[in-house]
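Breakdown of the fold
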Amino acid sequence: DGGITQSPKYLFRKEGQNVTLSCEQNLNHDAMYWYRQDPGQGLRLIYYSQIVNDFQKGDIAEGYSVSREKKESFPLTVTSAQKNPTAFYLCASSQEPTEPKNIQYFGAGTRLSVL
Amino acid sequence: AQKVTQAQTEISVVEKEDVTLDCVYETRDTTYYLFWYKQPPSGELVFLIRRNSFDEQNEISGRYSWNFQKSTSSFNFTITASQVVDSAVYFCALSEALGSQGNLIFGKGTKLSVKP
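Here we look at the packing of aromatic side chains
Inspection of every chain in the model, using the stated rule, returns 21 aromatic pairs over all chains. One Lys or Arg, Arg-68 of chain A, reaches over the ring of Phe-74 of chain A and ends 6.0 Å from the middle of that ring.

As structure tokens, then:
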């Protein structure tokens, strides 16, 4: 089945630790996105990538890093510089990255908590 | 300035009631798109509808209908004869033609609880 797979579903981070969230898509989409969702809040864009080997900061990129070495993969690293990482993280992809009519399709999310 | 406002934080209805979720947006673009997504308890956002700024026709899909009014900058979503399976958080989103690079601006969502 075509879709977006995020892993793990739940992740725990210790103080000072970097953790990496995985996002893989087999939809052959050019663009991929990472969002953060906090309780009662909308989705806030962390990073996005419109093409392999290129990515752009979103609204809340501080304390996060990404890479896009393959079209189907867009991992997100939550670094120790992110002081409040507890949140639900959603990955998305889309076929028409620069078009406003762009529909984004989402994975099932990773819930990150701090120990 | 918040560009997408969903003023209803939570709504609770009894099964078979009709319910309308409000969405008000703000943009200076003449070309833009509006979206609704559903987030069930499982967490994944599910795309429901996309509407462009030049098409003000209302749309109906089964028990779902959408009312787009440019005069009031609103794109409201109505569920007729609600069911327990409709319980979810619903997000309205905006995509502008200028400078957005296809990115979505989300409202904060409305949590709908449908009780049996």
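Anyway, onward from the coordinates.
Let's talk about the nonpolar core
In terms of nonpolar packing, the biggest core is built from 23 residues, with Trp-36, Phe-77, Tyr-90 and Leu-112 of chain B touching the most fellow members. Put simply, the parts of the chain that give this core at least two residues each are strand 2 (10-14), strand 3 (19-21), strand 5 (32-39), strand 8 (64-69), strand 9 (74-79), strand 10 (88-96) and strand 12 (110-115) of chain B. Tallying contributions element by element places strand 10 of chain B first for this core, with four residues. Of all hydrophobic cores here, the second largest spans 20 residues; its members include Ile-60, Val-66, Val-78 and Ala-87 of chain A.

So, the pairing of strand 4 (residues 31-37) of chain A
Residue and element names in this part refer to chain A. Summarising burial for strand 4: seven of the seven residues are buried, a large majority. Of the two faces of strand 4, both are covered, the one formed by Ala-31, Tyr-33, Tyr-35 and Gln-37 as well as the one formed by Met-32, Trp-34 and Arg-36. Of the pairings in the sheet, the one linking strand 4 to strand 5 (residues 43-51) comprises six bridges and is antiparallel in character. Its bridge partner being in strand 5, Met-32 is matched across the sheet by Ser-49. With antiparallel pairing between neighbouring strands as the criterion, strand 4 and strand 5 make up a hairpin whose turn holds five residues, including Gly-40 at a positive phi of roughly 75 degrees.

Quick word on the interface of chain B and chain A
Residue-level contacts link 21 residues of chain B with 24 residues of chain A. Across the chain B-chain A interface, the total number found is zero salt bridges. For the pair chain B and chain A, the interface holds four residue pairs in polar contact (both at pLDDT 80 or more). Counting only elements with at least two residues in the side of chain B that touches chain A, the list comes to strand 5, strand 6 (46-52) and strand 10 of chain B. Residues of the side of chain B that touches chain A, tallied by class, amount to nine nonpolar, eight polar and four charged.

Describing the environment of Glu-56 of chain B
Residues and elements named next belong to chain B. Here Glu-56 lies in the loop between strand 6 and strand 7 (59-61). Residue classification places Glu-56 among the partly exposed residues on the basis of a relative accessible area of 41%. Placed 47 residues apart in sequence, Glu-56 and Asn-103 show a C-alpha to C-alpha distance of 22 Å. What Glu-56 contacts, discounting residues up to four positions off in sequence, is Phe-68, Gln-69 and Lys-70. Within the structure, Glu-56 has its side chain in polar contact with the backbone nitrogen of Lys-70 (distance 3.1 Å).

Parameters and conventions
- Residues numbered from 1 in each chain as written.
- Chains lettered and ligands numbered in written order.
- Predicted model: local features only at pLDDT ≥ 70, side-chain atom pairs only at ≥ 80, totals over all residues.
- Heavy atoms only, no water.
- Phe/Tyr/Trp six-rings, centres within 6.5 Å; stacked < 30°, edge-to-face > 60°.
- Lys NZ or Arg CZ within 6 Å of the ring centre and 35° of its normal.
- Core = buried A, V, L, I, M, F, W, Y, C linked by side-chain atoms within 4.5 Å.
- Buried < 20%, exposed > 50% of the residue type's maximum accessible area, 1.4 Å probe, protein only.
- Helix = DSSP H or I, 4+ residues; strand = E, 2+ residues; numbered from the N terminus.
- Pairing = 2+ DSSP bridges.
- Contact = heavy atoms within 4.5 Å.
- Salt bridge = Lys/Arg side-chain N within 4 Å of Asp/Glu carboxyl O.
- Polar contact = N/O pair within 3.5 Å; in protein donor to acceptor, adjacent residues only side chain to side chain.
- Nonpolar A, V, L, I, M, F, W, Y, C, P; charged D, E, K, R; others polar.

Just distances and angles here, no functional claims.
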